[in-house]
Amino acid sequence: MSPFLILAAAFGAASLGAHALTLDEALAAAGGAPDLVASTAATAAAQSLTKSAGALPDPKLSVWVDDLQTSGPDAYRVGDAKRMVSLMQEVPNGDRRDAERQVAGAQLQTSEAQARYTQLSVRRETTLAWLALHYLDRKLDVLAAQDADNRHSQQAGVAALKGGASADAALAARLERDQLDDSRDDIERDRARARAQLARWIGPALAAQPATGGLPAWLTSARTQADDIAEQPEIRAAATQVSAAQAELALAQATKKPDWGVEVGWGYDAMDQGMAMVKFTFDLPVFAASRQDPKIAAALANVQKSDAERQARMAAYRQQIDELRAERTAIRAQMDRLKTRTLPLIDQQVELALAGMKSGKGSDGVLGARKARLAAQMRAIELESQLAAADTRLYFLTGAH
């Protein structure tokens, strides 16, 4: 291979490895998640079933020999017996066939609603995992700034130690170094977890890329999110399950009406004379109390069960929305207090500690104040992360999507 091609390949690999993953790219990649493939296949299966629902059963062809002798000189001579061929068609009653079509249609609607719910769930979980990586990277940036301060403190402590000062400052700086390493280990652990969550939806190769790009517009906007609970896919799926249960009830009720069938036959008798036959059959649901009625009662109970489950899901949605809004209110109050009161006080504390160190009072106060500032900065990013997660869940719960 020429040196030019080797250089081009190296640059291509470097650019590929340096690529960063935006939220839009992650959401686009999540479109191929196995969960979505499964839900799409389920919808296709339900769509296919609607084409055959309510159709007449296949006709039946019968061929038989009657009055065949089994003894005597003419035993088993088919030509001396009746030979018949017939075609039979069973015809379920119209209510049964209509109910079958209703059941298939309701099952299709349920499958479509569940597919939509799966799609939103995948998008929500992908967004949450990407946001977690975004804010964890910000924490690493804060740690990097603290690393620079720590290196300066270690250098100053070593210089002071050479000048005859006590080893307290140098030991404190090394202790801070260990604490920063512990914090970095915790962040890397959380990043690995977030990447594992993201990899479930977009694959490990894409999940290994660093998160980049701005936050979604709906997350940074201040518009009010409406409570469109009834139109949420999970609630819609529950509502279609009620419709399916009602269709099953109609199907059970239709079994009390008799089905019928017709059979037409042609053949020859023992004298080779042509023959024809027409036969009608009818179901006799005369034991409905022990056959059809229990099935109808079960179907009716299933309707009540499905409706109660729908109401329970709506109540659960309302609970989640109220809890998330209460959580968001508390987080916003804590963020405001941290930014307007806590962080300015810590900055003043750091300035006073630096002034004290310059006046010869030691560096213990500086290290303590810097540790408090790091904790406050990490707390601020953590609150932003929690607020973004709460807003994301509300975004997908309230129909704002």
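Residues numbered from 1 in each chain as written. Predicted model: local features only at pLDDT ≥ 70, side-chain atom pairs only at ≥ 80, totals over all residues. Heavy atoms only, no water.

- The name given to the protein in an unreviewed UniProt entry is Heavy metal RND transporter, with the source organism recorded as Jeongeupia chitinilytica.

## Quick look at the UniProt feature "coiled-coil region" (unreviewed entry) in the protein
- As annotated in UniProt, the feature "coiled-coil region" (unreviewed entry) corresponds to residues 307-341 in the numbering used here.
- Regarding residues 307-341, the helix share stands at 100% and the strand share at 0%, and the terminal C-alpha atoms are separated by 51 Å. (UniProt positions renumbered as here; feature names shortened; annotations may be inferred. Helix = DSSP H or I, 4+ residues; strand = E, 2+ residues; numbered from the N terminus.)

## Here we look at the sheet that holds strand E1 (residues 60-66)
- With antiparallel pairing, the four strands of this open sheet are ordered in space as E1-E2-E3-E4. Of all the strands in the sheet, just E1 and strand E4 (274-282) have a single pairing partner and so form its edges. Each strand of the sheet is rotated relative to its neighbour by a mean of 20 degrees, with strand direction disregarded.
- Pairing analysis gives nine bridges linking strand E3 (residues 260-268) to E4, with the strands arranged antiparallel. Bridge pairing in E4 places tryptophan 266 opposite alanine 276. (Pairing = 2+ DSSP bridges. Axes fitted to C-alpha atoms, helices over the stretch in contact; angles between N-to-C directions.)

## A short note on the environment of glutamine 107
- Take glutamine 107: it is sitting in helix H4 (residues 94-162).
- The exposure class of glutamine 107 is partly exposed, given its relative accessible area of 37%.
- Considering only alpha carbons, one finds glutamine 107 and alanine 237, 130 residues apart in sequence, at a separation of 9.7 Å.
- Discounting residues that sit within four places of it in the chain, glutamine 107 has contacts with Ala46 and Glu248. (Buried < 20%, exposed > 50% of the residue type's maximum accessible area, 1.4 Å probe, protein only. Contact = heavy atoms within 4.5 Å.)

## Considering the pairing of strand E2 (residues 82-91)
- The pairing of E1 with E2 spans seven bridges and is classified as antiparallel. Note that in E2 the partner of valine 65 across the bridge is arginine 83.
- Of the strand pairs in this sheet, E2 and E3 are connected by nine bridges, and their pairing is antiparallel. Each residue of the ladder has a partner; that of arginine 83, found in E3, is tyrosine 268.

## Overview of the nonpolar core
- Membership of the largest hydrophobic core comes to 34 residues, with the highest contact counts inside it found for Leu143, Leu198 and Ile202.
- The set of elements that each furnish at least two residues to this core consists of helix H2 (23-29), H4, helix H5 (168-202), helix H7 (217-220) and helix H10 (364-397).
- Leaving out residues up to four positions away in the same chain, isoleucine 202 has contacts with Leu21, Ala26, Ala29, Ala30, Thr126 and Ala207.
- Grouped together as the second largest cluster of nonpolar side chains are twelve residues, Leu338, Ile346, Ala369 and Leu387 included. (Core = buried A, V, L, I, M, F, W, Y, C linked by side-chain atoms within 4.5 Å.)

## Considering the packing of aromatic side chains
- For the structure shown, the criterion picks out three aromatic pairs.
- Ring geometry for tyrosine 395 versus phenylalanine 396: centroids 5.1 Å apart, planes at 85 degrees, classification edge-to-face. Neither tyrosine 395 nor phenylalanine 396 differs from the other in exposure class; each is buried.
- An aromatic cluster of three or more residues is present, and its members are Trp218, Tyr395 and Phe396. (Phe/Tyr/Trp six-rings, centres within 6.5 Å; stacked < 30°, edge-to-face > 60°.)

## Things to note about the confidence of the model for the protein
- Averaged over the protein, the pLDDT score is 84; the fraction of residues at 70 or greater is 85%.
- Across the protein, the element-wise mean pLDDT spans from 37 in helix H1 (residues 3-17) up to 93 in H2.
- Considering only residues more than four positions removed or in separate chains, one finds that residues 1-18, a stretch of pLDDT under 50, has one contact. (pLDDT = per-residue confidence, 0-100.)

## Considering a nonpolar patch on the surface
- A surface patch of nonpolar side chains, about 520 Å² in accessible area, is lined by Leu61, Val63, Val85, Leu87 and Trp266.
- If you list the elements that add at least two residues to the nonpolar patch, you get E1 and E2.
- Within the secondary structure, tryptophan 266 sits in strand E3.
- What makes tryptophan 266 partly exposed here is its relative accessible area of 48%. (Patch = residues over 30% accessible without salt bridge, like charges linked within 9 Å, V, L, I, M, F, W, Y side chains within 5 Å. Areas by Shrake-Rupley, 256 points an atom, 1.4 Å probe, with all protein chains shown as cover. Salt bridge = Lys/Arg side-chain N within 4 Å of Asp/Glu carboxyl O.)

## Observations regarding the side chain of serine 86
- Take serine 86: it is sitting in strand E2.
- In this structure serine 86 comes out as buried when scored by relative accessible area, which is 0%.
- Reaching out from serine 86, the side chain makes a polar contact with the side chain of glutamate 263 at a distance of 2.6 Å.
- Contact partners of serine 86, with chain neighbours within four places excluded, come to Lys60, Leu61, Ser62, Trp64, Glu263, Val264, Gly265 and Met277. (Polar contact = N/O pair within 3.5 Å; in protein donor to acceptor, adjacent residues only side chain to side chain.)

## Notes on the environment of arginine 189
- Along the chain, arginine 189 turns up in helix H5.
- Since its relative accessible area comes to 40%, arginine 189 is described here as partly exposed.
- Engagement of the side chain of arginine 189 in a polar contact is seen with the side chain of aspartate 190, the distance being 3.1 Å.

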